[in-house]
Amino acid sequence: MMTRTELTLLVPEIIVVAVAAAILLVSVVSKRDNRWLTLMLGIAGALAAGAFSLQYLDIDPTPIFSGQLTIDRFTVFLRLVFLLVAVATLVLTVDQLERIPFAEFAATVLFSTVGMMLLAGATDLIMIFIAVELMAIPVYVLTAFTRFRRISTEAAIKYFTLGAFATAVLAYGMAWTYGLTGQTGLKAIADSLPAIVDAPDIEVLLALGLVLVGMAFKVAVVPFHVWSPDAYDGAPTPVSAFMSVGPKIGAMAMLVRMVGMAFEPVSANIQVLLYVLAAASIIGGNIWAVQQSNIKRMLAYSSIAHSGYMLAGIAAATVAGADDRPFYTLLYYGVAYALMNIGAFAVVFVMEKRTDSVEISAFRGLAQTSWMPAVMMTIFMLSLLGMPPLAGFFGKLFIIQALVGADLGWLAVILVVGSVVSAYYYLRVVVYMFMRNPEEGAGRRRSKTPTRWPRSALQPELEGLR
């Protein structure tokens, strides 16, 4: 039976859901598009949920709802991160995307945020699956919010199709795990696995592989990354910022719970796969990013490389004798990455509004015309690169230290080499801003490119909006 204490610990999620519902109700009652009122409601709800969460920042692990959720410092910390990401997305969008219904957009962002908050504390397979879907389905909708753009609709269809496939794989792996252990709680699964692992067979390895593959799709690591560049490029830029940070960190939190709790007895079988996925993501993400002239696609491949960096931290934690420092390192890196990536996408959005282009040529001579966006973009690019003394440097440094401490020096070398390769495409943006002169016609408007912004696709929706 649900107790008052359990409800109290779940108040932050309840507040966010209530605010999202209130925003929808206001939009129905009001005849106007009250964007700023919607923004104020969203910010107030996030602040209230964050303030309530802060009082439990030092809480000992407390299972609630028969162990389906666990409220601990890990959960509370990630709650605050997700609320920050949601507020940043709403602020970035409120006065920019005039053609979309902002109230519905804000409510969809908040519903996805609730899924992330639940996923951070989920310690039961059923709750994990529910939280994953609550997080992912609103993002599919957000990707297609600018439905008058063909590229946005195509991106949403691709994202939804591959996301549904990944969900099916994850659900099948969870069902197989339940069939082997008879348990859905992560700790109960860990207690049941040793008897099976004494004589590991194909069923155990298959269940483990299916779950990890499903999670790899959600995290967007190589070779399960194919949806990421198209989704980032086709989605509205604020949505690209949101999906590059929130769902990725949420999926990483799910991976930490699964690896650190449910599959801890079979960590020896997981280690090799984590090493391979981390190395492949670091190498592949950086190499593909070098080839991009579209800055949104470049940041998409860059995010794949950063997924590899974070996955390397999780891999270090699976080594026998490792302490909890790699997990705390992952938390720091997640916050730093969230700030860096949202900031970079914010500047990209500013330039997209000015030039109607997301090509790198749109940044040509930016420092001569608008020095503030140029300076901010330089800071974000250098931080993503890992240049001292910025936050990205310490994030990578802590992961390298964790890898060296776990005798994974070869993976640390790959991380360093990948960072060196990333210097090309990050510093390329800085060169365009400070060392190139503005040219007439640079950053050509997308509406002049029929293959990307066909007028025939825009006209029906624009007529309807009028």
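Residues numbered from 1 in each chain as written. Predicted model: local features only at pLDDT ≥ 70, side-chain atom pairs only at ≥ 80, totals over all residues. Heavy atoms only, no water.

Q: Residue-level account of the packing of aromatic side chains, with values.
A: Overall, the coordinates contain 17 aromatic pairs when judged by the stated rule. When the centroid spacing of 6.3 Å and the interplanar angle of 20 degrees are considered together, the rings of F102 and F105 count as stacked. Note that F102 and F105 are positioned in helix α5 (residues 102-121) at a spacing of three residues, about one turn of the helix. Look at F105 and you get buried, because its relative accessible area is 0%. Ring plane angle 85 degrees and centroid distance 5.8 Å describe the contact between F165 and F217, whose orientation is recorded as edge-to-face. Of this pair, F165 sits in helix α7 (residues 150-181) while F217 sits in helix α9 (residues 202-219), and the two are 52 residues apart along the sequence. Classification of F217 by relative accessible area gives buried; the value is 10%. Three or more aromatic residues joined by ring pairs form one cluster here, namely Y140, Y159, F160 and W227. When the ring centre of Y432 is taken as origin, the NZ or CZ atom of R436, which lies over that ring, is 4.6 Å away. (Phe/Tyr/Trp six-rings, centres within 6.5 Å; stacked < 30°, edge-to-face > 60°. Helix = DSSP H or I, 4+ residues; strand = E, 2+ residues; numbered from the N terminus. Buried < 20%, exposed > 50% of the residue type's maximum accessible area, 1.4 Å probe, protein only. Lys NZ or Arg CZ within 6 Å of the ring centre and 35° of its normal.)

Q: How would you sum up the side chain of T237? Please name residues and give values.
A: Here T237 shows up in helix α11 (residues 237-262). At a separation of 3.4 Å, a polar atom in the side chain of T237 contacts the side chain of K296. Excluding anything up to four places from it in sequence, T237 contacts K296, F345, V348, F349 and E352. (Polar contact = N/O pair within 3.5 Å; in protein donor to acceptor, adjacent residues only side chain to side chain. Contact = heavy atoms within 4.5 Å.)

Q: Residue-level account of the packing of helix α3 (residues 35-54) against α5, with values.
A: Packing of α3 against α5 leaves a shortest axis separation of 9 Å and a crossing angle of 15 degrees. By the angle class used here, α3 and α5 are roughly parallel. Both α3 and α5 take part in a crossing whose hand is right-handed. Of the residues in α5, those touching α3 at R35, T38 and L39 are F102, A103 and A106. Considered class by class, the residues forming the contact of α3 with α5 number four nonpolar, one polar and one charged. (Axes fitted to C-alpha atoms, helices over the stretch in contact; angles between N-to-C directions. Parallel < 35°, antiparallel > 145°, perpendicular 65-115°, else oblique. Left-handed = near helix turned anticlockwise from the far one by under 90°. Nonpolar A, V, L, I, M, F, W, Y, C, P; charged D, E, K, R; others polar.)

Q: Go over the nonpolar core, please, and point to the residues and values.
A: F363 and M377 are the most contacted members of the largest nonpolar core, which has 152 residues in total. The dominant element in this core, judged by the number of residues it contributes, is α11, at 16 residues. Not counting residues within four places of it along the chain, the set of residues in contact with M377 comprises I295, A344, V347, V348, F363, V429 and M433. (Core = buried A, V, L, I, M, F, W, Y, C linked by side-chain atoms within 4.5 Å.)

Q: Quick rundown of α7? Include the residues and the values.
A: Over its 32 residues, α7 extends 46 Å from the first C-alpha to the last, a length consistent with the 46 Å expected when each residue adds 1.5 Å. G182 sits one or two positions beyond α7 and adopts a positive phi of about 70 degrees. (Expected span 1.5 Å × (residues − 1).)

Q: Describe the side chain of S370, and please don't skip the residues or the numbers.
A: Take S370: it is sitting in the loop between α15 (366-369) and α16 (371-385). Look at S370 and you get buried, because its relative accessible area is 14%. Within the structure, S370 has its side chain in polar contact with the side chain of R354 (distance 2.6 Å).

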